[in-house]
Amino acid sequence: MPEQKNYHLECTGTALDTVKQHSDASRHHSLWKLLLSFRSTSLGGVGYYEVDPYKKPADLLEVSPKGLVPGLKLHKYTPPRGLNESTVILEYFEDLAAKTTKGSLLPIDPYARALVRLQCDHISRSLVPAFYRFLQAQEESAQIEGGKDFHAALEALVVLFERAESEIVQSGGAAGVGEQKALAAGLGLWVEGGDLSLADAMVGPWIFRASNVLKHYRAFELPTGDKFGAWIARLFAHPAFKATCSTEELYLDSYERYAQNRPNTSQVANAINSGKPLP
Ligand SMILES: N[C@@H](CCC(=O)N[C@@H](CS)C(=O)NCC(=O)O)C(=O)O
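Residues numbered from 1 in each chain as written. Predicted model: local features only at pLDDT ≥ 70, side-chain atom pairs only at ≥ 80, totals over all residues. Heavy atoms only, no water.

Chemist: So what exactly am I meant to see when it comes to the domain arrangement of the protein here?
Modeler: Many authors give the size of an interface as the accessible area that is lost as the parts come together. According to the domain assignment, the protein consists of domain 1 (13–100) and domain 2 (110–273). Contacts between domain 1 and domain 2 engage 16 residues on the former and 20 residues on the latter. Taken over both partners, the interface formed by domain 1 and domain 2 buries close to 1500 Å², and the fraction arising from carbon and sulfur atoms is 61%. Taken together, domain 1 and domain 2 are joined by 1 salt bridge. Residues E91 and R117 are paired through a salt bridge, measuring 3.1 Å at the closest nitrogen-oxygen approach. The tally of links between domain 1 and domain 2 comes to 7 residue pairs in polar contact (both at pLDDT 80 or more). (Domains from an automatic or database assignment. Contact = heavy atoms within 4.5 Å. Buried area = accessible area lost by both parts, 1.4 Å probe. Salt bridge = Lys/Arg side-chain N within 4 Å of Asp/Glu carboxyl O. Polar contact = N/O pair within 3.5 Å; in protein donor to acceptor, adjacent residues only side chain to side chain.)

Chemist: How should the site of the ligand be read in this particular structure?
Modeler: In the vicinity of the ligand, the contacting residues are P53, Y54, K56, L68, V69, P70, E85, S86, S266, Q267, V268 and P279. One nitrogen or oxygen atom from the main chain of P279 is found 2.9 Å from a nitrogen atom belonging to the ligand. For the ligand, whose accessible area on its own is 520 Å², the fraction buried by protein is 81%. Counting contributing residues per domain, the shell around the ligand is built from domain 1 (13–100) and domain 2 (110–273), each supplying no fewer than three. (Near = heavy atom within 4 Å. Areas by Shrake-Rupley, 256 points an atom, 1.4 Å probe, with all protein chains shown as cover.)

Chemist: What exactly am I supposed to notice about the packing of helix α7 (residues 198–218) against helix α8 (residues 226–237) here?
Modeler: Geometrically, a packed helix pair is captured by the angle between its two axes and the distance between the axes. For the pair α7 and α8, interaxial distance at closest approach is 11 Å and the crossing angle is 100°. When the interaxial angle is binned, α7 and α8 end up roughly perpendicular. Where α7 abuts α8, its residues D200, V203, G204, I207, F208 and S211 lie against W231, I232, L235 and F236. (Axes fitted to C-alpha atoms, helices over the stretch in contact; angles between N-to-C directions. Helix = DSSP H or I, 4+ residues; strand = E, 2+ residues; numbered from the N terminus. Parallel < 35°, antiparallel > 145°, perpendicular 65-115°, else oblique.)

Written out as structure tokens, the structure reads:
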């Protein structure tokens, strides 16, 4: 049997540079294992620590009761307090950004915000589980089905992106380019000229893993349409996204366990195998 790959304990590439730049323990927040540090400009007060979530060290459990990363430790409280769940952490940073009027990843208009949150909801409840089901599938028929489901989840996300663009930007009655840009703010990189949104930040890591892990282990190809391709190009080129990316080898090694559906791979893998919601 060929040697089995193990998951890496340290990130690599540009993600490692990001951790090093932010590894000052005196920062007022610290984030375990690289939260999607997309909002690099407004995360100046955040220090990063890498932990092994499979070993569940006590300092991770203090902030994240299930021992899952990411976790956030808030040093502004004495004793420090913790927050877990990536979406809750992102929303917490969103609320902090709202106080400083910079670094927000959501539109201002409540309806437009809700449309982006519909995208986020779809990513958490459909797209991410479909990613793992596809990767963990062992039988050929299950792999074919998994590939179809993951592809369908991407297409459903596109429908939600298109809906937001058409309802907010195209039928927003903008008088000129400036007004059009203001309407598009917070809708994300799907819209040409847009910036990173909360949904881009949530889905980015899975699109990236689809482009390397799913391609390598399941021969998956991302959709090839012009608009989809342009979105991915903008996402992968975004400096804050790039700052979170390790080298391809890390992903291939770390996800080999999932691709082989090895026993006790993780809480996520167990949930998929038993048909339960993800932790
Ligand atoms: N719903 C959680 C999920 C986090 C999660 O699944 N984290 C994985 C990342 S590999 C983990 O820590 N796994 C450790 C384990 O399964 O024991 C979130 O969005 O923060």
